[in-house]
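# Structural description and commentary
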Amino acid sequence: SSSQRAPRPLARERPRECARAHVRAPPCPWPRPEVAASCCSGRGGASAMVAIRRVLVRCLLLLCLATARKAPTKDYYEVLGVSRGSAEADVKRAYKKMALKWHPDKNPEQKELAQQEFIAVQQAYEVLSDPAKRRRYDNQKSFFSEDSGEDWDGADRSGGFAPPGDVLTTVEQLRKVQEGGEPVVIHVYSDQRHFFGAWMSELAQDVKIVHVNVFTVEEGVIHRLQVRRFPAFVICDGHGNSQQYIPGGWDFMNLGDAVRSATLQVLPYFDTVAPLRSESELDDWLKLHAAGSSGPRVLIFLDDYRRQYMSVFSAARKLSSSHHFAQVSASGWVVDRFRVQRVPSFVVIDPATRQGSTQAPQMVPGDTESLISQVRSATFVLELNEASFEQRCRGEWTGNCAWVALFLVPSRAFSEVEASRKAFRRFREACKAVRQHAGGGIECFWLRHDLAESGPAWRSALSGLLDKAKDAGTGDLWVVALAGETRKATVFTKTVFERELSQRDLTQWLAQLVQVGPELGGSAASWPSIVLESIPRVPEAVVELRGPKGPAARLLAQLTEAAQRLSVFVEENSGSLLQVIFVGALIAWPLINNLMNGADAPAAPQQPQGQQRQQQP
């Protein structure tokens, strides 16, 4: 009967297993794709019609918004109520009159409107009171060969919006922006036509924004930027390269994303975030090279490794001195190896242990600062260098760094010997346990004792201790503790190599160090120790992933940079260079032609001396 018949499920309902498969991004090769396919194919016809109707309505709304236009704004002469031929005194007189009329204090009942008009009067007088700026304003066609760009319906004209970024007015400021090493978006505008809006605040979190008013800036800035149309954007990569971007059409539906996308096309994204195409490339990137950087690796998981994210690029650029970023497609082997559930996600990996800071990848946040905060929250035992010592100890051997425990290891041990990585993990866990219970007084680092830059000095200073520990069978791995205040050093005399109990013994040894203090008295008085004449210099941090570049690589980088600068110079001065070459050719060609003709002319035959005497009168 109909009363006993089971209710028909709604078309939008799907099994829980199907929902999970749908969340796991069908475009990527996730497990059980057939489940997601069956779910998608099982949607009812009514649901499909509703979806089509929604798409059509959305397209109609977007079309109406894209074709809408605002009423044209007043020009500067209309704002002051003067004609284009008015003298400077008439302009000044009209400015005083209009400024008094629209002063906010004179219009308490319509204060917001008065503020807008007062700002417009100030802007108009700034241009029309200066002869050079007024000439540029009156002769716009000679400065800007193309018609003005589209006006944006979302432009904020209230006068109360404070746009993020600085104002650029001189050629010197522009030169610093173009060669400052930082990507910058230059907003080229006028008071009547601009793209100011709340969207700029979101973009300013990822990239620096500066503003150029075409009527108040130095003319050299306009020529150098090659501006022929406004409002517009000029995107600079910070290394001399730039590209203009003029929004249009559908770009205005989300201007922030449109500018962000155009910016990514100009920036050297994959020079900052390494693209990894295979598992071998990933392993080489994760590897701690013998003389390479020990900075944490930040691995981004995407549906396609070629996809670009502004927050990822900005975070990678800001953390370039301490971290290394790369991105990889979330294919099958990546999913199995890193337990990837969703994209875009990331994990921070310690190259010394090849372990991540979390058990599963975290989702990539939308803004740069949140991503940087999450990356920095991943804490590891760092290699001792100037940057890490400043970060953990503030450059002082006191307080939390009254004792510094050093795990001394050969430079190739972490990349080639799995047992060395296991020993270091025990050292890391022992340090973590002591800090949790003792609360401070000791900080842990590791150091490559055979690295040419820093190893010999430290090994020489600690040689007396290291020899005693080596007799106990520690091999080339040592754990040493140094009290900077007293310059006393001691060594862990038991081996940490392939010994399961070493973590327990290390924890007890480190805890005793905190209890006895820098003087190394009490129960630790009998420990092997020495007093250093001076503490060796803390080594500089290695930034390059595979180690410092050699002379040939540095020369190649300098030549590449010089070629880029020459290309930019030729592009900016192409007209002048062509004129110089043409004039030089006109002057030099006759001289070259005469020289060539003189060289090609046959020499006159010489006559015998007797004939020459007969010809003489």
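By convention here, each chain's residues receive numbers from 1 onward along its written sequence. Thresholds applied to this predicted model are a pLDDT of at least 70 for local features of residues and 80 or more for the giving and counting of side-chain atom pairs; totals over whole chains, interfaces and linings are not thresholded and use all residues. Side-chain calculation: all heavy atoms of the structure are included, whereas hydrogens and water are not.

### Quick word on the overall build of the protein chain
Working definition: helices are DSSP H or I runs of at least four residues, strands are E runs of at least two. Numbering for both runs from the N terminus. Helix and strand counts for the protein chain come out as 26 helices and 17 strands. Type-normalised accessible area, obtained with a 1.4 Å probe on protein chains alone, sets the label of each residue: buried when under 20%, exposed when over 50%, and partly exposed for intermediate values. Burial analysis of the protein chain (617 residues in total) assigns 40% to the buried set. Counting only contacts in the protein chain whose residues sit at least 6 apart along the sequence, the fraction spanning at least 24 positions is 72%. By element, 52% of the accessible surface of the protein chain is carried by carbon and sulfur atoms, the whole surface being about 34100 Å². Throughout, a contact is declared for two residues whenever any of their heavy atoms are within 4.5 Å. Working definition of accessibility: Shrake-Rupley area with a 1.4 Å probe, residue cover restricted to the visible protein chains.

### Observations regarding helix α5 (residues 88-101)
By this rule the span expected of a helix is its residue count minus one, scaled by 1.5 Å. Over its 14 residues, α5 extends 20 Å from the first C-alpha to the last, a length consistent with the 20 Å expected when each residue adds 1.5 Å. The complete set of buried residues in α5 reads Val 91, Ala 94, Tyr 95, Met 98 and Ala 99. Buried residues in α5, looked at end-on, bunch into an arc of 130°, giving them a common side. For α5, the exposed residues set more than 90 degrees away from the buried face come down to Arg 93, Lys 96, Lys 97 and Leu 100. Where the residues of α5 are buried, they touch α4 (76-80), α6 (111-128) and α7 (131-138). What the arc describes is the spread of directions from the helix axis to the C-beta atoms.

### Description of the pairing of strand β16 (residues 488-491)
Any two strands between which DSSP finds at least two bridges are classified as paired. Judged from the four bridges that link them, strand β15 (residues 478-483) and β16 form a sheet pairing that is antiparallel. Each residue of the ladder has a partner; that of Val 480, found in β16, is Val 491. Following β15, the chain reverses through four residues before pairing antiparallel with β16; Arg 487 in that reversal takes a positive phi of roughly 60°. The pairing of β16 with strand β17 (residues 529-531) spans three bridges and is classified as antiparallel. Paired with Lys 488 across the bridge in β17 is Val 531.

### Let's talk about the nonpolar core
Grouped together as the largest cluster of nonpolar side chains are 36 residues, with contacts concentrated most on Leu 80, Val 121 and Ile 186. Those elements that provide at least two residues to this core are α4, α5, α6, α9 (171-178), β2 (184-189), β3 (208-213), α11 (219-225) and β4 (232-236). At six residues, the largest contribution of residues to this core is made by α6. Setting aside residues up to four positions removed in sequence, Leu 80 forms contacts with Val 91, Ala 94, Tyr 95, Met 98, Val 121, Ala 124, Tyr 125 and Leu 128. Within this scheme, the nonpolar core is defined by two criteria: the residues are buried Ala, Val, Leu, Ile, Met, Phe, Trp, Tyr or Cys, and they are joined through side-chain atoms within 4.5 Å. Ranked by size, the runner-up nonpolar core spans 31 residues in total, among them Val 381, Ala 423, Val 434 and Phe 492.

### Things to note about the sheet that holds strand β13 (residues 403-409)
Spatial strand order, β12-β14-β13-β15-β16-β17: six strands in an open sheet with mixed pairing. This sheet does not close on itself; its edge strands, each paired only once, are β12 (382-383) and β17. Pairing between β13 and strand β14 (residues 442-448): seven bridges, direction parallel. Considered in β14, the bridge of Phe 407 is made with Trp 446. Only C-alpha atoms enter the line fits that serve as axes; for helices the fit covers just the stretch in contact. Angles between N-to-C directions range over 0 to 180 degrees. Here helix α18 (residues 386-393) sits on the sheet and contacts β12 and β14; the angle it forms with β14, its principal contact strand, is near 175°. Where helix α23 (residues 502-516) meets the sheet, its contacts fall on β13, β14, β15 and β16, and the angle it forms with β15 comes to roughly 10°.

### Looking at the packing of α5 against α6
The N-to-C vectors of α5 and α6 enclose an angle of 165°; their axes lie 10 Å apart at closest approach. Taken together, the axes of α5 and α6 lie roughly antiparallel to each other. For α5 against α6, the interelement crossing comes out left-handed. In this structure, α5 uses Val 91, Lys 92, Tyr 95, Met 98 and Ala 99 to contact α6, whose residues at the interface are Phe 118, Val 121, Gln 122, Tyr 125 and Leu 128. Here the contact of α5 with α6 is composed, by residue class, of eight nonpolar, one polar and one charged. Working rule for angles: under 35 degrees goes down as roughly parallel, over 145 as roughly antiparallel, 65 to 115 as roughly perpendicular, anything else as oblique. Each crossing gets its hand from how the near helix is turned against the far one by less than a right angle, where anticlockwise is left-handed and clockwise is right-handed. Side-chain classes follow a simple rule in which Ala, Val, Leu, Ile, Met, Phe, Trp, Tyr, Cys and Pro form the nonpolar group, Asp, Glu, Lys and Arg form the charged group, and the remainder, Gly included, forms the polar group.

### Quick notes on the state of the cysteines
Pairs of cysteine sulfur atoms within 2.5 Å are identified as disulfides in what follows. This structure, assessed with the given rule, holds two disulfides. Between the sulfur atoms of Cys 393 and its disulfide mate Cys 401 the distance is 1.8 Å. Disulfide Cys 393 to Cys 401: torsion about the S-S bond roughly -80°, handedness left-handed. Residue Cys 393 is classed as buried on the basis of its relative accessible area of 6%. Residue Cys 401 is classed as buried on the basis of its relative accessible area, which comes to 1%.

### Regarding the sheet that holds β3
Taken in spatial order, the five strands make up an open sheet running β1-β3-β2-β4-β5, and their pairing is mixed. In the strand order of this sheet, the two ends are held by β1 (166-167) and β5 (242-245), each with one partner. Sheet topology places β4 next to β5; four bridges connect them, and they run antiparallel. Across the sheet, residue Ile 235 finds its bridge partner in β5, namely Gln 243.

Geometric descriptors of this kind do not, in isolation, establish any biological role.
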